[in-house]
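# Overview (structure and organization)
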Amino acid sequence: MDRMLHGKTILLIISGSIAAYKSLDLIRRLRTCGACVRVILTKGGEQFITPLAVSALSGEKTYHDLFSLTDETEMGHIRLARMADLVVVAPASADLLARMAQGRADDMAAAVLLASTRDILVAPAMNVAMWNHPATQENWQLLLSRGILSIGPESGDMACHESGAGRMAEPEDILATIIDYFSAHQRLAGRRALVTSGPTHEPIDPVRYIGNRSSGKQGHAIATALAALGAETMLVSGPTALADPPGVTTIHVETARQMLATCMDALPRDIAVCAAAVSDWRTKDQAPQKIKKTTLKKTGTFPALKLVENPDILGIIGGPVVANRRNSRPDLVIGFAAETNQLRAQAQAKRQAKGCDWILANDVSQGVFGSPDNHVILIDEHSEEAWPPMTKTQVATRLAGRIADYFAASSKTDTPP
Ligand code: C5P
């Protein structure tokens, strides 16, 4: 189990139950496995263990107050909800289960659980009568039907001197469930991926450039989704307003030529997804000084831009081996084809011309740039698969799943990584 959770962040919510003392052991075990553990302690939880004990073991600040100015300034509750790879509620008291079922946001724990988009593993702990009460059972069934992951409760002697179902699962079993969860989701563990994203800026003079409307949302989402499946992911991004995705090595570039050089240096063995909207042209020579508006008066002509073609990064990565290339072609090369007419035919032709294995065709006549949504067709050599309209994050998750399927199928015949 050594370092098996390296790079993972667990958000542990500890609520009011005597079993809270076991969660201190869980924190210690998670950290031994390399996980970063952030803890929210409810008011009830604080009656059983102290923030000091939690922080001493987690090595992190312990969060508890939704309306604390310092907590919100340092790490807002929404950010806290999003930065975790998995949320674990252990122990989950009857009261917290009820508040989760109702979708309340009346303290830090409940608000974070409501705002989180991650999977939530819940380990209930309470007196046997409280657990068996129809209200608790209905809440529990509702939470299970909404997709929470569960462990326990177990039956046996309890701290309240009664016996029956309601005892929190043991820390070693919760840890094993967490490790299993990550192994099941790490379908691209051991694989390496490169993703390009965003526009490129091709300088005209020191203050102007040729650019385009790409936001980078799709490329960044793909890098995030590949990393979430365990791929060692590098994102080469042109200028965007987006934050670097967590768990992804991000390199910032400006021009197409910088993007190409960075990609060639880092060309991985397994996956390349070219989602960047690379400028097709750059100016032949960048003006060393700002081009003045008075040019017309002085020379009698408008300033003219002489353009030369930029390298086609996807075409080079997907194409035949270039003599001076240090690394060989990635196993799976994927491009995008943004078209406004004859979508499928143009995309299939582009796939072949650029030597990529798959191409995601999208119709950009309907305002895809900057939008959170996308509508794509996945095209390979033999087939076309039209996906329904969905968010760019969903496109990314689905694409990452397809990539994992591809490697799962090919590893049956090839040597595994
Ligand atoms: O030729 P077009 O720009 O339509 O091709 C789009 C695909 O090619 C995208 O996957 C884009 O990332 C990639 N591309 C590239 N380098 C270029 C132009 C496009 O990687 N110079």
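Below is a short write-up of the structure. (Residues numbered from 1 in each chain as written. Predicted model: local features only at pLDDT ≥ 70, side-chain atom pairs only at ≥ 80, totals over all residues. Heavy atoms only, no water.)

## Some remarks on the pairing of strand S12 (residues 232-237)
Taken across its 6 residues, S12 has 5 buried, putting it largely inside the fold. Relative to S12, strand S9 (residues 192-197) runs parallel, the two sharing 6 bridges. Across the sheet, the residue bridging to Ala193 is Thr233, located in S12. Pairing of S12 with strand S13 (residues 249-252), which is carried by 4 bridges, proceeds in the parallel orientation. Bridge pairing in S13 places Val236 opposite Ile251. (Buried < 20%, exposed > 50% of the residue type's maximum accessible area, 1.4 Å probe, protein only. Helix = DSSP H or I, 4+ residues; strand = E, 2+ residues; numbered from the N terminus. Pairing = 2+ DSSP bridges.)

## Some points on the sheet that holds strand S1 (residues 9-14)
One open sheet holds the 6 strands; their spatial order is S3-S2-S1-S4-S5-S6, and the pairing between them is parallel. With partners counted over all chains shown, the strands left at the sheet margins are strand S3 (62-63) and strand S6 (149-150), one partner each. Direction of pairing for strand S5 (residues 120-124) relative to S6: parallel, over a ladder of 2 bridges. Each residue of the ladder has a partner; that of Leu121, found in S6, is Leu149. This element, helix H9 (residues 171-185), spans S1, strand S4 (86-92), S5 and S6 of the sheet and lies at about 160° to S4. (Contact = heavy atoms within 4.5 Å. Axes fitted to C-alpha atoms, helices over the stretch in contact; angles between N-to-C directions.)

## A word on the packing of helix H10 (residues 217-228) against helix H15 (residues 392-410)
Following both chains from N to C, one finds H10 and H15 inclined at 45°, their axes separated by 8 Å at the closest point. What the angle tells us is that H10 and H15 run oblique. Crossing handedness for the pair H10 and H15: right-handed. Contacts between H10 and H15 involve Lys217, Gln218, Ala221, Ile222, Ala225 and Leu226 on the former and, on the latter, Lys392, Thr393, Val395, Ala396, Thr397, Leu399, Ala400 and Ile403. Of the residues that constitute the contact of H10 with H15, the class distribution is 9 nonpolar, 3 polar and 2 charged. (Parallel < 35°, antiparallel > 145°, perpendicular 65-115°, else oblique. Left-handed = near helix turned anticlockwise from the far one by under 90°. Nonpolar A, V, L, I, M, F, W, Y, C, P; charged D, E, K, R; others polar.)

## Notes on the packing of aromatic side chains
By the definition in use, this model includes 4 aromatic pairs. On the numbers, 4.9 Å between centres and 90° between planes, the contact of Tyr406 with Phe407 is edge-to-face. Judged by its relative accessible area of 25%, Tyr406 is partly exposed. Judged by its relative accessible area of 3%, Phe407 falls in the buried class. Each residue in the set Trp358, Tyr406 and Phe407 is aromatic and connected to the rest through ring pairs, giving one cluster. When the ring centre of Tyr63 is taken as origin, the NZ or CZ atom of Lys61, which lies over that ring, is 5.7 Å away. Here the guanidinium or amino end of Arg398 rests over the ring plane of Trp387, the centre of that ring lying 5.1 Å away. (Phe/Tyr/Trp six-rings, centres within 6.5 Å; stacked < 30°, edge-to-face > 60°. Lys NZ or Arg CZ within 6 Å of the ring centre and 35° of its normal.)

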